[in-house]
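The residues making up each chain are set out below.
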Amino acid sequence: MSYAIMRAEKLKSHQIHFSQNHNERNHKNYSNPDINLEKTKDNYHLIESKNYSRDTEHIIQKNYKSTKTIRKDAVKYTTHILTGSHEQMKKIENDPQARKAWINANLEFIKKEYGEKNIVRFSVHRDEKTMHIHAVTVPLTSDGRLSAKEVLGGRKEMSERQDRYAAQMKSFGLERGEKATGIKHENAREYYARIEQAQNSIDKNDFKAQKNAFGVYKSESVEELQNVLKSQKTALKAKDLELAK
């Protein structure tokens, strides 16, 4: 079964710099091993922003209707990642018509959910293992207030949005994941940092099978080595499945 994956995250002004550098590939030092800078040329924008902060302030000045002064620590950005299970996404990516249709369906979804006038950026990334979309929106309500809490909603509203997204993605062979799994979410930066740390831990361990007096590897030593490696790979796979859910 292939799943539709959509995640949203609130960002304050001091956090947007990292997001822009990552999304725009502004430097070459990434902890994410899946980024292939030789394929970055295949990334492109449907809605482009060279300066998130400037363009966000422009949207707020134009569409903010409340008489209240916006707090300095207010959440002005919501970032979104839209993708799906790897195998199905490769099929979509490799079919130009399906790829274009999937991208347009995601753009229409973001417009409908968050308002077309509130979109700062909408970009397609094809230089990682799985094709995905990065979107940045300003959390303005329909009556012109700035409220990420209201726009994103609580657990019920977010679950319903996942339902709507899955319905939009059904024609592409992507389905709704399990509801209320209880898994604590982490952002992409935390996830990749954790996986990198785990891999480094594996690399530093000196697992060696022992030989007997005749220079033949002991069967029990080989079995122990296999079990250690299997447990490490199982732990990493479990974390990947948690993230997918």
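Described below are features of the structure shown in this document. As a convention, each chain's residues are numbered from 1 in the sequence order in which they are written. Only residues with pLDDT of at least 70 are given local features in this predicted model, and only at 80 or more are side-chain atom pairs given and counted; all residues enter the totals for whole chains, interfaces and linings. The side-chain quantities take in all heavy atoms of the structure and omit both hydrogens and water.

Angles here are taken between N-to-C directions and fall from 0 to 180 degrees, while the axes themselves are lines fitted to C-alpha atoms, restricted in helices to the stretch in contact. Going along the chain from the N terminus, every DSSP run of H or I of four or more residues is numbered as a helix, and every run of E of two or more is numbered as a strand. Contact geometry for helix α4 (residues 96-114) and helix α6 (residues 155-169): axes closest at 10 Å, N-to-C directions at 150°. Judged by the angle between their axes, α4 and α6 are roughly antiparallel. The chirality of how α4 crosses α6 is right-handed. From α4, W102, A105, N106, E108, F109, E113 and Y114 reach across to α6, where they touch R161, R164, Y165, Q168 and M169. All amino acids are sorted into three groups, where Ala, Val, Leu, Ile, Met, Phe, Trp, Tyr, Cys and Pro are nonpolar, Asp, Glu, Lys and Arg are charged, and the leftover types, Gly among them, are polar. Residues belonging to the contact of α4 with α6 are distributed by class as follows: 6 nonpolar, 2 polar and 4 charged. Small angles under 35 degrees read as roughly parallel and large ones over 145 as roughly antiparallel, with 65 to 115 read as roughly perpendicular and the rest as oblique. Each helix crossing is assigned a hand: it is left-handed if the near helix lies turned anticlockwise from the far helix by less than a right angle, otherwise right-handed if that turn is clockwise. Whether two residues touch is decided by their heavy atoms; if any such pair falls within 4.5 Å, the residues are in contact.

Between 30 and 60 degrees the pair is tilted, below 30 it is stacked and above 60 it is edge-to-face, where a pair is any two Phe, Tyr or Trp rings, Trp via its six-membered ring, whose centres lie within 6.5 Å. Scanning all chains against the criterion turns up 1 aromatic pair. Ring geometry for F109 against Y165: centres 5.1 Å apart, planes inclined by 65°, an arrangement best described as edge-to-face. A residue pair is termed long-range when its members are at least 10 positions apart, and F109 in helix α4 and Y165 in helix α6 qualify at 56 residues. One exposure class covers both F109 and Y165, and it is buried. Buried, partly exposed and exposed residues are distinguished by accessible area as a fraction of the type maximum, computed with a 1.4 Å probe on protein chains only: under 20%, between the cut-offs, and over 50%, respectively.

Turning our eyes to something else, we now look at α4. Spanning 19 residues, α4 covers 27 Å between terminal C-alpha atoms, matching the ideal 27 Å at 1.5 Å per step. When we look at burial in α4, the residues that qualify are R99, W102, I103, A105, N106, L107, F109, I110, E113 and Y114. Counting of polar contacts relies on pairs of N or O atoms within 3.5 Å, with two restrictions inside protein: one atom must be capable of donating a hydrogen and the other of accepting it, and residues adjacent in sequence are counted only when both atoms are side-chain atoms. Near the N-terminus of α4, the side chain that reaches the backbone nitrogen of Q97, with its oxygen 3.1 Å away, is that of D95. Following α4 by one or two positions, G115 adopts a phi angle in the positive range, close to 90°. Residue count minus one, scaled by 1.5 Å, sets the expected span of a helix.

Turning our eyes to something else, we now look at the environment of E116. Residue position: E116 is located in the loop between α4 and β4 (119-125). Assessed through its relative accessible area of 52%, E116 is described here as exposed. Residues E116 and T137, 21 residues apart in the sequence, show an inter-C-alpha distance of 9.0 Å.

The definitions used throughout rest on a 1 Å grid laid over the protein atoms alone, on which a cavity is an enclosed set of points accommodating a 1.4 Å probe that cannot get out and a pocket is an open set flanked by protein within 12 Å on both sides along at least five of seven lines; lining residues are those having an atom within 4 Å of a point. Grid points are joined across faces, edges and corners, and a volume is the space filled by probe spheres set on the points. In this structure, the second largest pocket encloses a volume near 260 Å³. What lines the second largest pocket is a set of 13 residues, among which Y64, R71, A74, L146 and S147 lie closest to the centre.

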